[in-house]
Amino acid sequence: MQQEPYVRNKRDLKVPFITCDDYNNIEYAGKLIPALKQINIPGRKLYETDAYAFILRSNNDDDIHKSIKYGVWTSSKENNERINQKYKEAQQQNKSVYLFYSVVKSGQFVGVAKLSSGYKEESFQYWWEIKKWKGHFDVQWLYVKDIINKHFEQLKNCDNIEITRSRDGVQLNWETAKEMMKIFEEFSDKKSILNDFQELDKREQALRQYKQQMQYQRNQQQFYGYYPQFYPQQYQQQYQYQQQWGYQQ
């Protein structure tokens, strides 16, 4: 039985591409990318509140870049379930859940975000390893700063392991998280991943174009597989090879 033509997954999260020509000017960039408006606001004193916190580790800068711009994140199934459960508890207790981000092998933490939703089924389509990551959370990034590990060396997670050696998805006790939050709030160095955003925008745009081209090719293949009578004449021989042998000539 032939399959119907390909239909884009309704659980895909629709997020249009946005960019800015000057990320160093946060006020200007925030007008183009609303998620940036809340970044690095002084005087929050979030360390004086009571909350939950996790450490999250990304495999690359590119996914951090897109998370900051579009306010989304996801992790492994196990981590998502753990974080989602804690978010539900936090909602009942009128608490927040904060996420401290590090990039694997970078030797630093790169920012802090606040979890602003529970787990949602729609998947963001432009992570570098899209088949690995499903669903998403809404997040609001609060601090985007590069802070090297030596500033956190004295702190440990709930497993009594140095936070700089923590695995992805580990929960922090709030006393430790408060110290991390205070460091992020008071740290004055302006170096951050924002300095690389224009280059990362180019890479994101190239990835989107590649995925769109692949999507178009899949649509064409499945359409003509279902309606072979419409297959262009110049591709008829190639189509016959595909049907008979499962590969292109």
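Below is a summary of the structure that appears in this document. (Residues numbered from 1 in each chain as written. Predicted model: local features only at pLDDT ≥ 70, side-chain atom pairs only at ≥ 80, totals over all residues. Heavy atoms only, no water.)

**Some words on helix α2 (residues 61-70)**
In step 1: Of all 10 residues making up α2, 9 are buried, and the element is well covered by its neighbours.
In step 2: Among all positions in α2, only Asp 62, Asp 63, Ile 64, His 65, Lys 66, Ser 67, Ile 68, Lys 69 and Tyr 70 are buried.
In step 3: Two to three positions downstream of the cap, the backbone nitrogen of Asp 62 sits 3.2 Å from a side-chain oxygen, assigning the N-cap of α2 to Asn 60. (Buried < 20%, exposed > 50% of the residue type's maximum accessible area, 1.4 Å probe, protein only. Helix = DSSP H or I, 4+ residues; strand = E, 2+ residues; numbered from the N terminus. Polar contact = N/O pair within 3.5 Å; in protein donor to acceptor, adjacent residues only side chain to side chain.)

**So, the side chain of Asp 62**
In step 1: Its location among the elements puts Asp 62 in helix α2.
In step 2: In this structure, Asp 62 is in contact with Trp 128, Leu 200 and Arg 203, ignoring residues within four places of it in sequence. (Contact = heavy atoms within 4.5 Å.)

**What to know about the sheet that holds strand β8 (residues 170-172)**
In step 1: Within the open sheet, the 6 strands sit side by side as β3-β7-β5-β4-β2-β8. Their pairing is mixed. The sheet terminates laterally at β3 (72-73) and β8, the two strands that pair on one side only. (Pairing = 2+ DSSP bridges.)

**Here we look at unusual backbone geometry**
In step 1: Positive phi outside glycine occurs at Lys 45, with the angle close to 55°.
In step 2: As for its placement among the helices and strands, Lys 45 is situated in the loop between α1 (26-32) and β2 (51-58).
In step 3: One non-glycine residue, Asn 160, lies in positive phi territory at about 65°.

**Digging into the nonpolar core**
Generally speaking, a soluble globular protein has its nonpolar side chains buried in company with each other.
In step 1: Within the largest apolar cluster, 39 residues are counted, with the highest numbers of intra-cluster contacts made by Ile 64, Ile 68, Tyr 101 and Trp 141.
In step 2: Listing elements by their share of this core, those giving two or more residues are β2, α2, β3, α3 (77-93), β4 (96-103), β5 (108-115), β7 (137-148) and α5 (197-226).
In step 3: Ranked by size, the runner-up nonpolar core spans 23 residues in total, among them Leu 46, Phe 100, Met 180 and Phe 184. (Core = buried A, V, L, I, M, F, W, Y, C linked by side-chain atoms within 4.5 Å.)

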